[in-house]
Amino acid sequence: SVSSSEKAAALHRVADALVANEAEILAANSEDIAEAERTGVEKALLSRLKLKPGKIEQLAQGVRMLANMEEPVGRVLRRTQVAEGLMLEQVTSPLGVLLIIFESRPDALPQIASLAISSGNGLLLKGGKEASRSNAILHKTITEALAPTINPNLVGLVTSREGVADLLKLNDVIDLVIPRGSNALVSHIQNNTKIPVMGHADGVCHVFVDADSDFEKVKNIVVDSKVDYPAACNAMETVLVHEALSEDGRLKKLNGGADCAEKLQLPVAPAPKIEYGDLECTVQIVKGIDEAIDHIHKYGSSHTECIITEDQQQAALFLQRVDSACVFHNASTRFAD
């Protein structure tokens, strides 16, 4: 087995290698972007595909941070004395072999690989064909940095779609499949394997602007929730308001919910539940917090929601009742990134 110090040293080598090979990584990414533009890849996928300036250094910092964290394997979480001389322990351990399938985002590859190395899991990666060059150089950079303390074969890269179909049949070898991408991708994986699948496809996130809210906060939070990274899964898609939202020029397109499109003189939203992945969002007027929460539960995806209000009781009610993975008060939905 690999010791904690050996894993940490390997992760530091990975971080250094990412920085040292930044020019080559960005060159490959530029080729992927050019090819995607030629073939008409949709704008949201194109946005996820691009490695922006400073992204490699940011990824390296994340890997170093992971290397400096407490060893995740072998920690005793719970110890119970069942009988005299008989102790029951719950100890953290690796899951086994993970197959992770992701669309477009090459920055996900070093993040996933580093987490797998830290947690002692074997890893098979399958990225989208639109990021093939970026994924190939990132995989090469990472695996070459693992030697000699960690076997580079522990992080594999699948390069053909046919390969995935065969891998999904290996329920005696692969312990968990994690698809990261569209609803269609996640559904396809779930319907075509006996291996356990952990998947969450949609990111239909809401910001509820309460009647008792600071308008400066409203402008800053709503704009950041959408504009910071429109293609992210925690970008805002719907803003629920008591009053009409004034466009400040930074959002390119607003759509009105069925009940308020005419009143706000906005085009009708394509659907109550929609993930734009672009500089576009839906505005829906609600009567109050109860209707806002009902709307979120009916049309949301249980991902990330936010309330903007100066009323602490309303905030506490929203945080308590909304059933989503992340629920924020007076903070951008992008806060978790």
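These notes cover the structure that comes with them. Residue numbers restart at each chain and count upward from 1, following the sequence in its written direction. Local features in this predicted model are restricted to residues of pLDDT 70 or higher, and side-chain atom pairs are both shown and tallied only at a pLDDT of 80 or more, whereas totals for entire chains, interfaces and linings draw on every residue. Hydrogens and waters are ignored; side-chain quantities use all the structure's heavy atoms.

**Concerning the pairing of strand β11 (residues 304-308)**
Working step 1: Most of β11 is tucked away: five of the five residues are buried.
Working step 2: Under the scheme applied here, a residue whose accessible area is under 20% of the maximum for its type counts as buried, over 50% as exposed, and between as partly exposed, the area being computed with a 1.4 Å probe on protein chains only. Numbering of helices and strands runs from the N terminus, with a helix taken as a DSSP run of H or I at least four residues long and a strand as a DSSP run of E at least two residues long. In β11, alternate side chains face the same way, and those of T304, C306 and I308 on one face and E305 and I307 on the other are all buried.
Working step 3: Bridge count for strand β7 (residues 205-209) against β11 is four bridges, and the pairing is parallel. Note on β11: the bridge partner recorded for V209 is I308.
Working step 4: Paired strands, as defined in this entry, are two strands with at least two bridges between them according to DSSP. The pairing of β11 with strand β12 (residues 326-329) spans four bridges and is parallel. Counted as the bridge partner of I307 is H329 from β12.

**Details of the pairing of strand β8 (residues 236-241)**
Working step 1: Of all six residues in β8, six are buried; the element is thus mostly enclosed.
Working step 2: Where β7 and β8 come together, five bridges link them in parallel fashion. Pairing of H206 across the sheet is with T238, part of β8.
Working step 3: Viewed with both strands pointing away, a crossover whose connecting path from the first strand over the helix to the second turns clockwise is right-handed. Between β7 and its parallel partner β8, the chain crosses via helix α9 (residues 215-227), and the hand of that crossover is right-handed.

**Some thoughts on unusual backbone geometry**
Working step 1: Residue A147 is joined to P148 through a cis peptide bond whose omega torsion reads 5 degrees.
Working step 2: Following the sequence through the fold, P148 ends up in the loop between α6 (132-146) and β5 (155-157).
Working step 3: Look at S104: it is not a glycine, yet its phi comes out positive at around 70 degrees.
Working step 4: Its location among the elements puts S104 in the loop between β3 (97-102) and α5 (108-119).
Working step 5: What makes S104 buried here is its relative accessible area of 1%.
Working step 6: Look at N330: it is not a glycine, yet its phi comes out positive at around 55 degrees.
Working step 7: One can find N330 in the segment after β12.

**Focus: the nonpolar core**
Working step 1: By nonpolar core we mean a set of buried residues, namely Ala, Val, Leu, Ile, Met, Phe, Trp, Tyr and Cys, connected to one another through side-chain atoms within 4.5 Å. Residues I100, L123 and L125 are the most contacted members of the largest nonpolar core, which totals 35 residues.
Working step 2: Ranked by residue count, the leading element in this core is helix α1 (residues 4-20), at seven residues.
Working step 3: In contact with I100, other than residues within four places in its own chain, are I112, L123, L124, L125, K126 and I178.
Working step 4: Counting 15 residues, the second-largest nonpolar core is a separate cluster that includes V222, C281, V283 and I285. Should any heavy atoms of two residues lie within 4.5 Å, those residues are considered in contact.

**Focus on the pattern of salt bridges**
Working step 1: Here, a salt bridge means any Lys or Arg side-chain nitrogen found within 4 Å of an Asp or Glu carboxyl oxygen. For the structure on display, the rule yields 16 salt bridges.
Working step 2: As a salt-bridge pair, E35 and R38 come within 2.5 Å of each other at their nearest N and O atoms. With E35 and R38 both in helix α2 (residues 22-39), this residue pair falls three residues apart, about one helical turn.
Working step 3: Judged by relative accessible area, E35 falls into the partly exposed class, the value being 30%.
Working step 4: Where salt bridges share partners, they join D16, E57 and R64 into one cluster.

**So, the environment of I195**
Working step 1: Its location among the elements puts I195 in the loop between α8 (183-191) and β7.
Working step 2: For I195, a relative accessible area of 3% corresponds to the buried category.
Working step 3: When the C-alpha atoms of I195 and D175 are compared, they prove to be 6.6 Å apart, with 20 residues separating the residues in sequence.
Working step 4: The contacts of I195, once residues within four sequence positions are left out, are L167, L168, L170, N171, I174, D175, L176 and V177.

**Digging into the packing of α1 against helix α4 (residues 55-67)**
Working step 1: Note on definitions: angles span 0 to 180 degrees between N-to-C directions of axes, and those axes are lines fitted to C-alpha atoms, for helices only across the stretch in contact. Across the interface, α1 lies against α4 with an axial gap of 8 Å and an inter-helix angle of 175 degrees. One way to sum up the angle between α1 and α4 is to call them roughly antiparallel. Residues A8, L11, H12, V14, A15, D16, L18 and V19 of α1 pack against I56, E57, A60, V63, R64, L66 and A67 of α4.
Working step 2: Along the lines of polarity and charge, the residues of the contact of α1 with α4 split into 11 nonpolar, one polar and three charged. In these notes the angle categories are as follows: under 35 degrees is roughly parallel, over 145 is roughly antiparallel, 65 to 115 is roughly perpendicular, and the rest is oblique. Ten residue types, Ala, Val, Leu, Ile, Met, Phe, Trp, Tyr, Cys and Pro, are classed as nonpolar, four, Asp, Glu, Lys and Arg, as charged, and the remainder, Gly among them, as polar.

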